[in-house]
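Spelled out from the first residue to the last, the chains are:
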Amino acid sequence: MSFIPDLKRLEDFEFFHDEPDPISDVFGYHYFSESLVNAILKQKDTPFSILIHGEWGSGKTSALVRSESNFKELEKNDENFHVILFEVWKYERVDPVASLLEEIKNKVIGENSTRFAEVAKNVGLLLFDMAIRAHTNMTLDDAKKYFEDSLKGIRNLRKETEILMENKKLVILFDDLDRCSFETMLELTEAIRLFLSVKGIICVVAADNNRLRAAWKNKYPSANEIEIDEYFDKIFQLKLALPSKDLNLMSNFIAHLDPSYIGDSEKNLIYSSTSNPRKIKQILNLIFYGLKYSKLKEKLTSEDKIKLYYPVIVAWSIVRILYPRFGNSIKNDTSSFNEVLDFISIIKEIEGRHHKSPKKLARIVFNLLGEHTDSDSNHYINIKSSEVSMWTLKSLKIIIEDFDLFLFCYRLIDYFGSSIDFKTARKTMPSGREYLTTINFIDNEVVDEVIKQISLF
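A. View of the overall build of the protein chain. When helices and strands are tallied, the protein chain shows 22 helices and seven strands. Looking at the protein chain as a whole, 50% of its 457 residues are labelled buried. Summed over all atoms, the accessible surface of the protein chain reaches about 22700 Å², with 48% contributed by carbon and sulfur.

Shown next, in the form of structure tokens:
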């Protein structure tokens, strides 16, 4: 670790917020948004629905905001074209479907809008119907026998929507759907299928597809993957994913944020661990907190102290945000963090004698780690000069279930061990058998103190 952050400059910094930046386009969303807008404008056959997949914090809101901006330019010049950015999560506690209908009414002003508002009141019956079916798992056919009034409301509302949309085009951009409860998520997808599926309406839903599927699985536990696919295929005619983010893009993103308390090695460690912009901001905020606001700042009184604490603060901040289960295990015995790295380094050093490529060597070490930790842990433990604790073995078992976590720990060996001569750690017993002495990558007392001050909740 050669980078030493200038703690005096921290006075010029503050925490990173989570709001999308409409000006910055580090990830090239302008091209994605322009392509989406062009595709929608050329789509004559409506209704049409699009699902944009992305995990939480991956940039879905940024893509939708940029798309909305493009649509609004068109809206200014065409009185029959309208766009709505509907942030579902904000309306979850009131009534998201009714709130959406109100927004549609307010946006698409016409002679039939008053009548539409009156008919839309029947949505209460529809929601009651949905709630009953959600809790009783009644089929739609069974529900028809008991809720004729609500079904009449659906038909009327759909008809009024068709009248309202005559010779018009409405694009509805749904954001934050996957932040809502499973019930709300399904409620909105049902709304798209039941009464927004009319000529002139195009729905764009940005959500984590895995969470949508989990919502359906929660409602119908016996449903298989094919049945879940068939349900969402009826709703969405096009499914897209946000553009992938390579290491260069993530590096540019951190450079755009410009945190002076992060060096090149730290940047590499962070962006090689995650491509999620929100999580990167959370990691940087945690590092910033540890350096400026926590009790650790009382220890950072000299360059030597900063060298001791800083890399541990960086590494633990990444663990806390990205790998909380691993962090909980380490928290039970803070010395196990060192032992985990020591254990992996043993396999890496022994297998590394064959001069394999870094990626191939990493995969070999990962496979050997799983093999000897999961079944016969004696092989590599016996070449250590000290025993491996129970908590270390538990942490290792967590690592062999997650290759990304393993790669992070694998990279930590180089990050912490840049000044360690691994050759001096290699010893030969009188019998000729080789072993490695215990390598202290980090000071256990420092790890313990950092974890206490930047603790997992």
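B. Just the environment of Arg-213, in detail. Here Arg-213 shows up in helix 9 (residues 209-219). Once the C-alpha coordinates of Arg-213 and Leu-186 are considered, the two residues, 27 residues apart in sequence, prove to be 9.8 Å apart. Other than its neighbours up to four places away in sequence, Arg-213 contacts Glu-225, Ile-228, Asp-229 and Phe-232. Within the local environment of Arg-213, its side chain forms a polar contact with the side chain of Glu-225, the two groups lying 2.5 Å apart.

C. Up close: helix 2 (residues 60-77). Taking 1.5 Å of rise per residue, the 18 residues of helix 2 would be expected to cover 26 Å, and the 27 Å separating its terminal C-alpha atoms lies within 8% of that figure. Every buried residue belonging to helix 2 is among Lys-60, Ala-63, Leu-64, Arg-66, Ser-67, Glu-68, Phe-71 and Glu-75, and all of these are buried.

D. Focus on the pattern of salt bridges. Under the defined criterion, the tally for this structure stands at 15 salt bridges. A single network of salt bridges, built from pairs that share partners, joins Lys-72, Glu-75 and Lys-107.

E. Focus on a nonpolar patch on the surface. On the surface, Phe-15, Tyr-289 and Tyr-293 cluster together into a nonpolar patch covering about 290 Å² of accessible area. Tracing the backbone through its elements, the reader meets Phe-15 in the segment before helix 1 (29-41).

F. Spotlight on the sheet that holds strand 3 (residues 169-175). Read from one edge to the other, the open sheet built from five strands follows the order 2-3-4-1-5, with strand pairing classed as parallel. Where the open sheet ends on each side, the last strands, each with one partner, are strand 2 (81-87) and strand 5 (238-241). Going from strand to strand, the sheet's axes swing by 15° on average, the running direction of each strand aside. Judged from the six bridges that link them, strand 1 (residues 48-53) and strand 4 (residues 201-207) form a sheet pairing that is parallel. By the bridge assignment, Phe-48 is partnered in strand 4 with Ile-202.

G. A look at the packing of aromatic side chains. This model, assessed by the stated rule, comprises 19 aromatic pairs. Following the ring pairs from residue to residue traces out a cluster consisting of Phe-13, Phe-15, Tyr-261, Phe-288 and Tyr-293. Taking the ring centre of Trp-89 as reference, the NZ or CZ of Arg-179 above it sits at 3.7 Å. Looking at Lys-394, its charged tip hangs above the ring of Trp-391, at a distance of 4.6 Å from the centre.

H. Geometry of the pairing of strand 1. Among the six residues that make up strand 1, five are buried, leaving the element largely enclosed by the rest of the structure. For strand 1 and strand 5, the ladder comprises four bridges, and the chain directions are parallel. Considered in strand 5, the bridge of Leu-51 is made with Lys-239.

I. View of the packing of helix 8 (residues 182-194) against helix 10 (residues 225-235). The geometry of helix 8 relative to helix 10 is characterised by a closest axis approach of 9 Å and an angle of 55° between their N-to-C directions. With respect to their mutual orientation, helix 8 and helix 10 come out oblique. Each of Thr-189, Glu-190, Ile-192 and Arg-193 in helix 8 lies in contact with helix 10, whose residues at this interface are Tyr-231, Phe-232 and Ile-235. Of the residues belonging to the contact of helix 8 with helix 10, the class tally is four nonpolar, one polar and two charged.

J. Representation of the pairing of strand 4 in the model. Counted residue by residue, strand 4 has seven buried out of seven residues, so it is predominantly covered. Both faces of strand 4 are covered, namely the face carrying Ile-201, Cys-203, Val-205 and Ala-207 and the face carrying Ile-202, Val-204 and Ala-206. Note: strand 3 against strand 4, five bridges, orientation parallel. If you follow Leu-170 over to strand 4, its bridge partner there is Ile-201. Tracing the backbone out of strand 3, into helix 8 and back to the parallel element strand 4 gives a crossover that is right-handed.

K. How the structure looks around the environment of Glu-55. In this fold, Glu-55 is placed in the loop between strand 1 and helix 2. Along the chain, Glu-55 and Leu-242 lie 187 residues apart, while their C-alpha atoms are 9.4 Å from each other. Among all residues touching Glu-55, those that are not within four sequence positions of it are Lys-60, Asp-208 and Asn-276. A polar contact is formed between the side chain of Glu-55 and the side chain of Asn-276, at a distance of 3.0 Å.

L. Quick peek at unusual backbone geometry. The residue after Thr-46, namely Pro-47, is reached through a cis peptide bond having omega 10°. Relative to the helices and strands, Pro-47 resides in the loop between helix 1 and strand 1. With a phi angle near 65°, Asn-167 is a residue other than glycine that sits in the positive phi range. Looking at the secondary structure, you find Asn-167 in the loop between helix 7 (148-164) and strand 3. Here the phi dihedral of Asp-176 falls at roughly 65°; this positive angle occurs in a residue that is not glycine. Relative to the assigned elements, Asp-176 resides in the loop between strand 3 and helix 8.

M. The arrangement of the packing of helix 11 (residues 247-257) against helix 13 (residues 277-292) in detail. Contact geometry for helix 11 and helix 13: axes closest at 11 Å, N-to-C directions at 45°. By the angle class used here, helix 11 and helix 13 are oblique. Helix 13 is crossed by helix 11, and the crossing has right-handed handedness. When helix 11 is examined against helix 13, the residues Met-250, Phe-253, Ile-254 and Leu-257 are found in contact with a partner set consisting of Pro-277, Ile-280, Lys-281 and Leu-284. Class assignment for the residues of the contact of helix 11 with helix 13 results in seven nonpolar, no polar and one charged.

Definitions and cut-offs
Residues numbered from 1 in each chain as written. Predicted model: local features only at pLDDT ≥ 70, side-chain atom pairs only at ≥ 80, totals over all residues. Heavy atoms only, no water. Helix = DSSP H or I, 4+ residues; strand = E, 2+ residues; numbered from the N terminus. Buried < 20%, exposed > 50% of the residue type's maximum accessible area, 1.4 Å probe, protein only. Areas by Shrake-Rupley, 256 points an atom, 1.4 Å probe, with all protein chains shown as cover. Contact = heavy atoms within 4.5 Å. Polar contact = N/O pair within 3.5 Å; in protein donor to acceptor, adjacent residues only side chain to side chain. Expected span 1.5 Å × (residues − 1). Salt bridge = Lys/Arg side-chain N within 4 Å of Asp/Glu carboxyl O. Patch = residues over 30% accessible without salt bridge, like charges linked within 9 Å, V, L, I, M, F, W, Y side chains within 5 Å. Pairing = 2+ DSSP bridges. Axes fitted to C-alpha atoms, helices over the stretch in contact; angles between N-to-C directions. Phe/Tyr/Trp six-rings, centres within 6.5 Å; stacked < 30°, edge-to-face > 60°. Lys NZ or Arg CZ within 6 Å of the ring centre and 35° of its normal. Parallel < 35°, antiparallel > 145°, perpendicular 65-115°, else oblique. Nonpolar A, V, L, I, M, F, W, Y, C, P; charged D, E, K, R; others polar. Right-handed = clockwise from strand over helix to strand, strands pointing away. Left-handed = near helix turned anticlockwise from the far one by under 90°.

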